[in-house]
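Examining the three-dimensional arrangement
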Amino acid sequence: MAPAKVNLFLEVHAKRLDGYHELETLLAPVDWFDTVYFKDDPRGQISLWCEVAAGSHDRKRGGRVSIPEGPDNLVVKAIEALRRRAAPTRGARLGLVKRIPAAAGLAGGSSDAAAALVAANHAWQLRRTTEELAEIAAEIGSDLPFFLGPGAAICRGRGERVERVASLGQLHLVVVAPPDGLATVDVYRACRPADSPRPIEPLLDALAKGHLDKAGRLLTNRLQSAAARLSPWIERAEVHMDQTDVLGHQMSGSGTSYFGLCRNATHARRVARQLGTRGLGRVRAVRTWG
Ligand code: C5P
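As a starting point, this report considers the structure included with it. Here the structure is a predicted model, which is why all the values come from computation and not from measurement.

This part covers the site of the ligand. The immediate surroundings of the ligand are formed by Gly19, Tyr20, His21, Leu23, Gly141, Ser142, Arg158, Thr184, Val185 and Tyr188. His21 places a side-chain nitrogen or oxygen 2.8 Å from an oxygen atom of the ligand. Across the complex, the protein chains shield 76% of the 450 Å² of accessible surface that the ligand would expose by itself. Of all the elements in the fold, those that place two or more residues in the shell around the ligand are strand S2 (21-40) and helix H4 (184-190). By residue class, the composition of the shell around the ligand is 4 nonpolar, 5 polar and 1 charged.

When its volume is computed, the second largest pocket comes out at roughly 250 Å³. What lines the second largest pocket is a set of 16 residues, and nearest its centre among them are Arg198, Asn221, Arg222, Gln224 and Ser225. It is helix H7 (residues 224-230) that contributes the most residues to the lining of the second largest pocket, 4 residues altogether. Classifying every residue of the lining of the second largest pocket by side-chain character gives 5 nonpolar, 6 polar and 5 charged.

Here is what the cut-offs are and how they apply
Residues numbered from 1 in each chain as written. Predicted model: local features only at pLDDT ≥ 70, side-chain atom pairs only at ≥ 80, totals over all residues. Heavy atoms only, no water. Near = heavy atom within 4 Å. Polar contact = N/O pair within 3.5 Å; in protein donor to acceptor, adjacent residues only side chain to side chain. Areas by Shrake-Rupley, 256 points an atom, 1.4 Å probe, with all protein chains shown as cover. Helix = DSSP H or I, 4+ residues; strand = E, 2+ residues; numbered from the N terminus. Nonpolar A, V, L, I, M, F, W, Y, C, P; charged D, E, K, R; others polar. 1 Å grid on protein atoms, 1.4 Å probe; cavity = no way out; pocket = protein on both sides within 12 Å on 5 of 7 lines; lining within 4 Å. Points joined across faces, edges and corners; volume = space filled by probe spheres on them.

Here it is, written out as structure tokens:
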């Protein structure tokens, strides 16, 4: 099972010489899952099948985003990278059942790839440490290493330097995933790094103390205004979220999905029902996981 994530805090610092931006972000996994299948292939080949679960908007044809089954899929890239380093003769038949919306800032593809790395490490009996897997994971995508461990984390660098946080408490959220996504690269390109970056500590402190109202006011995502210039869905989600009584709301990652912080599960379900009739895309009440 590969969970989605949301960014409760995302501050963009300077652009680096390698083209990436220096980040500080608070990521929390949520209980919205893809399923990743891994089977050893004694012929030494890597293959992938991918199925979009019934009821989701992402369809392989004629839908929102097509999920590649070839070498462009992050799962295949990650397994190929592990094989090159550690197990050149091994093969795998990989399968994906997609439920997490793609190109939505929920990192479904990264989560799938991290889960596949862990599965391969086990099935191929490679005994690589999490740190070793994280090195390979970071080559494939900035937010892959986060998914190699449990629970929430502050991620820095380009997102690959992971520091777990224990004291977040369980959070209840409503996530809106519009029918159109955005490419991460486009959103970063449109984003101007912060002149005076916001600190993450006040939000961490509010969450650790269970001060949800305060935490709601401290949610931050520097990429949101850039994404809103590229997709009309961001402002639409913002306007509708404003009409609810969530404690705070913002875009996740580089969008287009958008979430609101709720008091508890009942509150989250009520807000999800309220937003579910507005034509905003998929709406789901979730809780932080792990
Ligand atoms: O590493 P990942 O594949 O997730 O990044 C996709 C793109 O997003 C990068 O090529 C880069 O343009 C942008 N990005 C960035 N700074 C980051 C992470 C991603 O500029 N910290």
